[in-house]
Amino acid sequence: MYVFRCGWALDASGTMQTDWKLVTEGGRIRAFEPWSPVAGSHIDWSRFVVVPGFIDCHDHLGIDMGDEEAQSKEDAETTTIKAVANARRILSAGVTTLRDVGEKGHHDLVWRRAIRAGQMLGPSLHISGQFVTRTGGHAWYDGYQADGPDEVRKAVRTQVRAGVDWVKGMITGGISTAGLSPTNAEYSREEIRALVDEAHRRGRKVAVHAHGGEAVDWALEAGVDTIEHGVFITDRQLETAARQGTYLVVTYEIIHQAATSPDVPDHYREKSVRAIRQYLDTLAKAKAYHVPVAVGGDSWHGDPCGEAKALVAAQFSPAEALAALTVNGARLLGLEDEIGSLAVGRAADFVALDGDPTRDVEAVRRVASVVKGGEDPFSHRGR
């Protein structure tokens, strides 16, 4: 059992409580109440603000920002070494849960198992295996290529057989793949319907990579669960997403970084420049239409503050930006009774910050300590 004296702590209602006690046992929160003296020792966090562990809903542990096609040719050992480093970096930034939305060769199955077994340091993983893409489609070099409704259904079944938590489909072109437009449909209406229907029949939710265009309409029509990126989606599409409760997963910072980086291919940088001019306007409209929003670092790892700052720039309040990093991500994953907020019985995943992120979003970056499953994962390993 561990007892923490918190200077401030954000409760499940979104209220910042002062001088609070948080008790953990068996990886769960056993008490969350005003501070009172305790027998024995306690962990003094009286100068920190305690919030739920952050939830990254879109990342790829084995891919760094840069030439993604070149990285796809790396051997499994190199990719795993990269993933181990990225998982550690992401956890140290306060991200205790992560949805990995696609890795080549089902490496994410191994990493999920290693993290659960304590053999690899990182956030709890929810995985989608190999994303489904058309032959030569976006990120084809890392994905499962399938054409036509029947092949798409088989691709979904293959991912489910492997043991994925989610199914991911690439339904438009992308920014990082040469020769593709981010708003062109890469799959037909029938193929998208097959993707969503088959996944739902197999008990899996569906994420689709989609920047805009008619493919977004088809995905919403099919009942997709999350739209990833969504840079160029329209007012009408945002209205539909809000009405259906379809999440928009924002990945602003990777595009922002790629727009000026010398380490990405020219086509990647040029498309990023065009996209970043539009993205904040789209996010502001998403807020106006009340679209549920979560965030992800994509291949810009361990910077939840970058996503939070983008939301604030798009007129979200700091508290709303923090919700996108916590409770909204939990709801997206269907785990709002487990993670994303601090309450008795929830998983003991939380972060101590030097500052109040509901007032100053920069406090998200000032991580003093991380607790995952009731333990400091770095206590015996060193940072």
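Predicted model only: the values in this text are computed from it and were never measured.

Colleague: Help me out: how do you make sense of the nonpolar core in this one?
Modeller: Generally speaking, nonpolar side chains in soluble globular proteins are found buried as a group. With 77 residues, the main nonpolar core has Val-208, Val-250 and Leu-311 as its most contacted residues. When residues in this core are grouped by element, the largest group, six residues, is from helix H9 (residues 266-288). The residues touching Val-250, leaving out its near neighbours within four places in the chain, are Tyr-279, Leu-283, Val-293, Ala-294, Val-295, Gly-296, Glu-307 and Leu-311.

Colleague: Would you explain the sheet that holds strand S3 (residues 28-34) in this entry?
Modeller: Think of a sheet as strands paired side by side through backbone hydrogen bonds, with each pair either parallel or antiparallel. Pairing is mixed across the open sheet formed by six strands, whose spatial order is S3-S2-S1-S4-S15-S16. In this open sheet, the two edge strands, each paired with only one partner strand, are S3 and strand S16 (367-371). Each strand of the sheet is rotated relative to its neighbour by a mean of 40 degrees, with strand direction disregarded. Taken together, the eight bridges between strand S1 (residues 2-10) and strand S2 (residues 16-25) define a ladder with antiparallel strand orientation. The partner of Val-3 across the bridge, within S2, is Val-23.

Colleague: How do you make sense of the pairing of strand S4 (residues 43-52) when you look at a structure like this?
Modeller: Where a strand is regular, its side chains alternate between the two sheet faces. In this sheet, S4 lies alongside S1 in parallel orientation, the contact comprising five bridges. In the sheet register, Phe-4 faces S4, and the bridge partner there is Ile-43. Note: S4 against strand S15 (residues 350-353), four bridges, orientation antiparallel. Paired with Pro-52 across the bridge in S15 is Phe-350.

Colleague: Before we go on, may I ask you to explain unusual backbone geometry in this structure?
Modeller: Trans is the prevailing form of peptide bonds, just as negative phi is the prevailing case for residues other than glycine. Within the chain, Asp-19 stands out as a residue other than glycine whose phi angle is a positive 50 degrees. With respect to the helices, strands and loops of the structure, Asp-19 is situated in strand S2. If you check the backbone angles, His-290 has positive phi at about 65 degrees while not being a glycine. With respect to the helices and strands, the residue His-290 is situated in the loop between H9 and strand S14 (293-295). We classify His-290 as exposed; its relative accessible area is 65%.

Colleague: Sorry, what's going on with the state of the cysteines here?
Modeller: Structurally, a disulfide amounts to a covalent bond that connects the sulfur atoms of two cysteines. Within this structure, the stated rule accounts for zero disulfides. Cys-305 provides the cysteine sulfur closest to Cys-57, a residue in no disulfide bond, and the two sulfurs are 17 Å apart. Judged by relative accessible area, which is 0%, Cys-57 ranks as buried.

Colleague: Sorry if this is basic, but what is going on with the side chain of Asp-303 here?
Modeller: Along the chain, the position of Asp-303 falls in the loop between S14 and helix H10 (304-313). On the basis of relative accessible area, Asp-303 is assigned to the buried category, the value being 17%. Leaving out residues up to four positions away in the same chain, Asp-303 has contacts with Glu-253 and Arg-365.

Conventions adopted
- Residues numbered from 1 in each chain as written.
- Predicted model: local features only at pLDDT ≥ 70, side-chain atom pairs only at ≥ 80, totals over all residues.
- Heavy atoms only, no water.
- Core = buried A, V, L, I, M, F, W, Y, C linked by side-chain atoms within 4.5 Å.
- Buried < 20%, exposed > 50% of the residue type's maximum accessible area, 1.4 Å probe, protein only.
- Helix = DSSP H or I, 4+ residues; strand = E, 2+ residues; numbered from the N terminus.
- Contact = heavy atoms within 4.5 Å.
- Pairing = 2+ DSSP bridges.
- Axes fitted to C-alpha atoms, helices over the stretch in contact; angles between N-to-C directions.
- Disulfide = S-S within 2.5 Å.

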